[in-house]
Amino acid sequence: MNELETLLESNKEWAANKVQVDKDFFRRLQDQQSPKFLWIGCSDSRVPANEITNTDPGEIFVHRNVANMVVHTDLNLLTVLAYAVSVLKVEHVLVVGHYGCGGVKAAMTNQNLGIINPWLKHIKDVYRLHRDEINSLESETEQANRLVELNVQEQVMNLSKTSIIQEAWQQERRPHLHGWVYGISNGIINPIFNMPAGTHIDPIYEFE
Ligand code: ZN
C-alpha cells in the first residue's frame, strides 16, 4: 500500500469508528457548523488544533499559516476572521503559537529566504519592538521561545486593531481574544495573554 492509500484507508477506519460510537455524528454536522472557537495557529504539522485539544470536527474553526501571524493586509486571514466573527459568531479567538517555531527561529537570523522574507519581516518587527527583553535572555533557545510568546501577544493585539473585532466588541461584547503557546516537548498549552471583549486599546487604532 502506498502512502496515499494508507491515508485513505485510515480515513475509512476513522469514519467507521466515529459512527460506531455515535451513529448520528456525521448527520448532525451535515447541514451546519457552530464552532465556539476560531483558532489561528502555525502550519507546523506537530500542532493540529483538534487533536491537541481533544475536540471533534465542528468544534473549532481553523486558520493556519507560518508562525500564526495576523497580518493586516492578509485577505485570507481577514476573510476567515470576518466569517468566524460575523457569521459563525464565535465566542473566542485563539492565537496559538508553539515553542521551537521554525518560522520564528528563521526570523531571528539574517538568512535571505527569498519569497519567505516578506512574511518573516512581520516577526522581525516584533523582535525589534522587544529587542531589549529578548536579548537579556542567555541562550538562543530562551530568546526564541520568548519571541514566540511575544509574537503571540502582538498577533492578539493585531486582532484587536481590526474593524471586524472592534465592531463585534461594540455590538455584542464578543469575541474574547487569547494568546496561547503550545509545548511540542510536553503537549501542554501555556495561556500567556488575554484581551477580553471591550478591552481598551491604543487610541490611534480605535475606530469610531
Ligand atoms: Zn511554527
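In the block above lies the structure referred to throughout.
Residues numbered from 1 in each chain as written. Predicted model: local features only at pLDDT ≥ 70, side-chain atom pairs only at ≥ 80, totals over all residues. Heavy atoms only, no water.

S.K.: Can you tell me about helix 4 (residues 75-87), naming the residues and giving the values?
M.R.: For helix 4, spanning 13 residues, the distance from its first C-alpha to its last is 17 Å, which sits close to the expected 18 Å at 1.5 Å a residue. Looking at helix 4, one finds that the buried residues are Leu77, Leu78, Val80, Leu81, Ala84 and Val85. The buried residues of helix 4 occupy an angular sector of 160 degrees when the element is viewed end-on, so they sit on one face. Counted as exposed and oriented over 90 degrees from the buried face of helix 4: Leu75 and Val87. Of the surrounding elements, those touching the buried residues of helix 4 are strand 1 (37-42), strand 2 (60-65), helix 8 (140-160) and helix 9 (163-172). N-cap assignment for helix 4: the residue whose side-chain oxygen lies 3.0 Å from the backbone N of Asn76 is Asp74. (Helix = DSSP H or I, 4+ residues; strand = E, 2+ residues; numbered from the N terminus. Expected span 1.5 Å × (residues − 1). Buried < 20%, exposed > 50% of the residue type's maximum accessible area, 1.4 Å probe, protein only. Arc of directions from axis to C-beta. Contact = heavy atoms within 4.5 Å. Polar contact = N/O pair within 3.5 Å; in protein donor to acceptor, adjacent residues only side chain to side chain.)

S.K.: So what's going on with the packing of aromatic side chains? Which residues, and what values?
M.R.: On inspection of all chains with the given rule, the structure shows 3 aromatic pairs. Judged by centre distance (5.6 Å) and plane angle (70 degrees), the ring pair of Trp14 and Phe26 falls under edge-to-face. Of this pair, Trp14 sits in helix 1 (residues 3-21) while Phe26 sits in helix 2 (residues 25-30), and the two are 12 residues apart along the sequence. On the accessibility criterion, Phe26 (32% relative accessible area) is partly exposed. Seen in terms of ring centroids, Phe61 and Tyr83 are 5.8 Å apart; in terms of plane orientation they differ by 40 degrees. Their pairing is tilted. Highlighted residues: Phe61 in strand 2 and Tyr83 in helix 4, separated in sequence by 22 residues. With relative accessibility at 17%, the residue Phe61 sits in the buried group. (Phe/Tyr/Trp six-rings, centres within 6.5 Å; stacked < 30°, edge-to-face > 60°.)

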